[in-house]
Amino acid sequence: MNQLTVLRGQTLSFSGDAFIKGVEDTMVFESDGMVVIENGHITQAGPATEVMTTLPSGVKVESYDKDHIIMPGFIDCHVHYPQTQIIGAYGKQLIDWLNEYTFIAEQQFEDKAHAAEVANVFLQECLKAGTTTSSVFCTVHPQSVDAFFEASSALNMRMIAGKVLMDRHAPEALLDTPQQGYDQSKALIDRWHEHGRQLYAVTPRFAPTSSPEQMDMAGQLWQESPGTFLQSHVSENKGEIEWVKSLYPKCKGYLDVYDKYQQLGPRAIYGHGVWLSESELQRCHETGTAIAHCPTSNQFLGSGLFDLKNATQAERPVRVGLATDLGAGTSFSMLQTLNETYKVAQLNGYPLSAGLAFYLATRGSAKSLYLDDKIGSIEVGNEADLVVLNTKSTAAIEYRMRYCESLEEALFIQMTLGDDRAIKATYVAGKCLYQSS
Ligand code: GUN
Ligand code: ZN
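Residues numbered from 1 in each chain as written. Chains lettered and ligands numbered in written order. Predicted model: local features only at pLDDT ≥ 70, side-chain atom pairs only at ≥ 80, totals over all residues. Heavy atoms only, no water.

### Points about the overall build of the protein
Here's step 1: A count of helices and strands for the protein gives 16 helices and 17 strands.
Here's step 2: Computed over the C-alpha atoms, the radius of gyration of the protein is 21 Å, within 12% of the 22 Å expected from 2.2 N^0.38 for a compact globule of 437 residues.
Here's step 3: Along the first, second and third principal axes, the C-alpha set of the protein runs to 65 × 50 × 40 Å.
Here's step 4: When burial is assessed residue by residue, the protein has 60% of its 437 residues classed as buried.
Here's step 5: Look at the contacts in the protein between residues 6 or more apart in sequence, and 75% of them connect residues 24 or more apart.
Here's step 6: Put simply, the protein shows about 16,200 Å² of open surface, and 50% of that area lies on carbon and sulfur atoms. (Helix = DSSP H or I, 4+ residues; strand = E, 2+ residues; numbered from the N terminus. Rg over C-alpha atoms; globule rule 2.2 N^0.38 Å. Buried < 20%, exposed > 50% of the residue type's maximum accessible area, 1.4 Å probe, protein only. Contact = heavy atoms within 4.5 Å. Areas by Shrake-Rupley, 256 points an atom, 1.4 Å probe, with all protein chains shown as cover.)

Structure follows, in structure tokens:
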């Protein structure tokens, strides 16, 4: 028998690209909405008074009052689960931070038991923060990928992840070879890609830690593995960009390295892109390559201020998703990540609206990953990954909300003051996996 779950309350979702079509034409808000879920998928969504008439009598309804908003689960387009243990490591920019903290911590993932422990902590924190999908870097160790996917598939979460490819400029214990990297990734693709809700990302860490031979094989592997993702980093830090120029002197720029090795296209997603030039943004646009905006990380490592407005402009929109980039990022909370998105946009002269911000954290991120036909909106046929926001989660927010006059204002208050305490419940494929007490 089909398992039926019915949620009732205020619902918020987006029906299309809010950056291109505008918030007014895409935001769908129901003040008394109903979402019906069968076998992990949304089968009905709309005004409760209409949907209710179609339900069998006596069906149990989970009702959330006016202090709550049911919305799509948040999507984190770029994050490193092995760095859960080094969030908030003090005081360095990218390359020193990698050498002094990251590459030390990642060596521990040779031990699968350690990887499994961290994967479970990471996924529980995601659920607490209302994040239902992430694009995840593991470490160079294939067992770090197995540990992650074992944990995420046990929770039936739609996760993207991959083994980091690195054959130079890192400690010996974290290096593979082009052939090893290829073979291990291929075996992981066979084991995990489209295993339930799991998806594989070929994961060259970034151009400096892969030789031209490894870049070549990574591009080949991605091209010959239909439906897989490719994730990496680009143009995060000015010193890093100079380094890439010296390592790949024949390439026109940083993005061109990935272009040369067939690593641009649909389902390629690059963290940061802070310093991409106009012609590089144009290339992202024409190839369908996505950028993951990592505002807390970019500030924490002093990398720079990504220009969201310029990247998403309607004349040549680049697909942009939102990302925590933990452990250089500083919060699991996508609400806090939106808070920093707003402030970074302000520093670029762009007061991002709350509507666009919530679009970015949900359907926009799903679109950047080419998964908007599956997740990121409350739409019939989509997978039922949902979050229930408590709009009065702290005394200060409750007080502030007494003076709130509109939905836009309520959303803005949540992304400015809210954090994991605002997450009332998180549903994964229709199953409530987290509920705050
Ligand atoms: N560039 C290459 N590796 C990393 C990483 O782990 N974190 C960040 N922020 N940038 C990177
Ligand atoms: Zn990263």
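### Some words on the layout of surface pockets
Where empty space is left can be seen by rolling a probe of water-molecule size over the atoms.
Here's step 1: Put simply, the largest pocket is a space of about 270 Å³.
Here's step 2: Take the lining of the largest pocket: its biggest share by element is three residues, from strand 17 (residues 431-435).
Here's step 3: Looking at the lining of the largest pocket residue by residue, the class counts come to seven nonpolar, seven polar and three charged.
Here's step 4: Residue assignment for the lining of the second largest pocket shows that the elements contributing at least two residues are helix 8 (238-247), helix 9 (254-260) and helix 10 (278-287).
Here's step 5: Looking at the lining of the second largest pocket element by element, the count peaks at four residues for helix 9.
Here's step 6: Along the lines of polarity and charge, the residues of the lining of the second largest pocket split into four nonpolar, three polar and six charged. (1 Å grid on protein atoms, 1.4 Å probe; cavity = no way out; pocket = protein on both sides within 12 Å on 5 of 7 lines; lining within 4 Å. Points joined across faces, edges and corners; volume = space filled by probe spheres on them. Nonpolar A, V, L, I, M, F, W, Y, C, P; charged D, E, K, R; others polar.)

### What about the coordination of the zinc ion (ligand 2)?
Here's step 1: Only His78 (NE2), His80 (NE2), His233 (NE2) and Asp325 (OD) from the protein reach the zinc ion (ligand 2) as donors, at distances of 2.0 to 2.3 Å.
Here's step 2: Each of the four donor atoms around the zinc ion (ligand 2) contributes to a set of angles spanning 92 to 164°, which defines the coordination as irregular.
Here's step 3: Ordering the donors of the zinc ion (ligand 2) by residue number gives the pattern H-x1-H-x152-H-x91-D. The residues His78 and His80 share a single accessibility class, namely buried. (Donors = N, O, S within 2.8 Å, 3.2 Å for Na, K, Ca; no water. Tetrahedral: all angles 85-135°; square planar, octahedral: opposite > 155°, others 65-115°.)

### Some details on the nonpolar core
Here's step 1: Counting 107 residues, the largest nonpolar core has Phe74, Tyr81, Phe148 and Phe358 as the members making the most contacts within it.
Here's step 2: Here this core takes eight residues from helix 4 (residues 112-129), the largest share from any one element.
Here's step 3: Once residues within four sequence positions are removed from consideration, Tyr81 is found in contact with Phe109, Ala115, Val118, Ala119, Phe122, Val136, Phe137, Cys138, Ser144, Ala147 and Phe148.
Here's step 4: Ala201, Ala290, Cys294 and Ala323 belong to the second largest nonpolar core, which has 15 residues in total. (Core = buried A, V, L, I, M, F, W, Y, C linked by side-chain atoms within 4.5 Å.)

### Let's talk about the pairing of strand 17
Here's step 1: Bridging between strand 16 (residues 423-428) and strand 17 involves four bridges; their strand directions are antiparallel. Note on strand 17: the bridge partner recorded for Tyr427 is Cys432.
Here's step 2: The antiparallel pairing of strand 16 with strand 17 creates a hairpin that spans two residues between the two strands, and Ala429 there sits at a positive phi of about 45°. (Pairing = 2+ DSSP bridges.)

### Quick look at the pattern of salt bridges
Here's step 1: Following the criterion strictly, the structure yields 23 salt bridges and no others.
Here's step 2: For Glu106, the salt bridge goes to Arg205, with nearest N and O atoms at 2.9 Å. Remark: Arg205 occurs in the loop between strand 10 (199-204) and helix 7 (212-223) and Glu106 occurs in helix 3 (residues 94-106); sequence separation between them is 99 residues. This pair shows no difference in class: Glu106 is buried, exactly as Arg205 is.
Here's step 3: One salt bridge connects Arg283 with Asp259, and the closest N-O pair in it is separated by 2.5 Å. Of this pair, Arg283 sits in helix 10 while Asp259 sits in helix 9; the two residues are 24 residues apart in sequence, bridging distant segments of the chain.
Here's step 4: The class for Arg283 is partly exposed, based on a relative accessible area of 29%.
Here's step 5: A single network of salt bridges, built from pairs that share partners, joins Arg158, Arg197, Glu383 and Asp385. (Salt bridge = Lys/Arg side-chain N within 4 Å of Asp/Glu carboxyl O.)

### Focus: the side chain of Thr287
Here's step 1: By the secondary structure assignment, Thr287 is in helix 10.
Here's step 2: According to the relative accessible area criterion, Thr287 is buried, its value standing at 15%.
Here's step 3: A distance of 2.7 Å separates a polar atom in the side chain of Thr287 from the backbone oxygen of Arg283. (Polar contact = N/O pair within 3.5 Å; in protein donor to acceptor, adjacent residues only side chain to side chain.)

### Describing helix 3
Here's step 1: Compared with an ideal rise of 1.5 Å per residue, which puts 13 residues at 18 Å, helix 3 spans 16 Å between its outermost C-alpha atoms and falls more than 12% short.
Here's step 2: If you look at helix 3, its biggest bend is around 30°, right at Glu100.
Here's step 3: Looking only at helix 3, the buried set comprises Leu94, Trp97, Leu98, Thr102, Phe103, Ala105 and Glu106.
Here's step 4: Looking at the buried residues of helix 3, the elements they touch are helix 8 and helix 11 (295-300). (Expected span 1.5 Å × (residues − 1). Bend = angle between axes of the 7 residues up to and from the residue.)

### What about the side chain of Gln336?
Here's step 1: The topology assignment puts Gln336 in helix 13 (residues 334-347).
Here's step 2: Within polar-contact distance, the side chain of Gln336 engages the backbone oxygen of Gly418 at 2.8 Å.

### Comments concerning empty space enclosed by the protein
Here's step 1: Counted by the stated rule, this structure contains two cavities of 30 Å³ or more.
Here's step 2: In this structure, the largest cavity occupies an estimated 90 Å³ of space.
Here's step 3: The leading source of residues in the lining of the largest cavity is helix 3, at three residues.
Here's step 4: Taken together, the residues of the lining of the largest cavity sort by class into five nonpolar, four polar and three charged.
Here's step 5: Its volume calculated, the second largest cavity comes out at about 40 Å³.
Here's step 6: The wall of the second largest cavity is formed by Leu165, Pro178, Gly181, Tyr182, Val202, Gln214, Met217, Ala218 and Leu221.
Here's step 7: Contributing elements (two or more residues each) for the lining of the second largest cavity: helix 6 (178-192) and helix 7.
Here's step 8: Ranked by residues supplied to the lining of the second largest cavity, first place goes to helix 7 with four residues.
Here's step 9: In terms of residue class, the lining of the second largest cavity is built from seven nonpolar, two polar and no charged.

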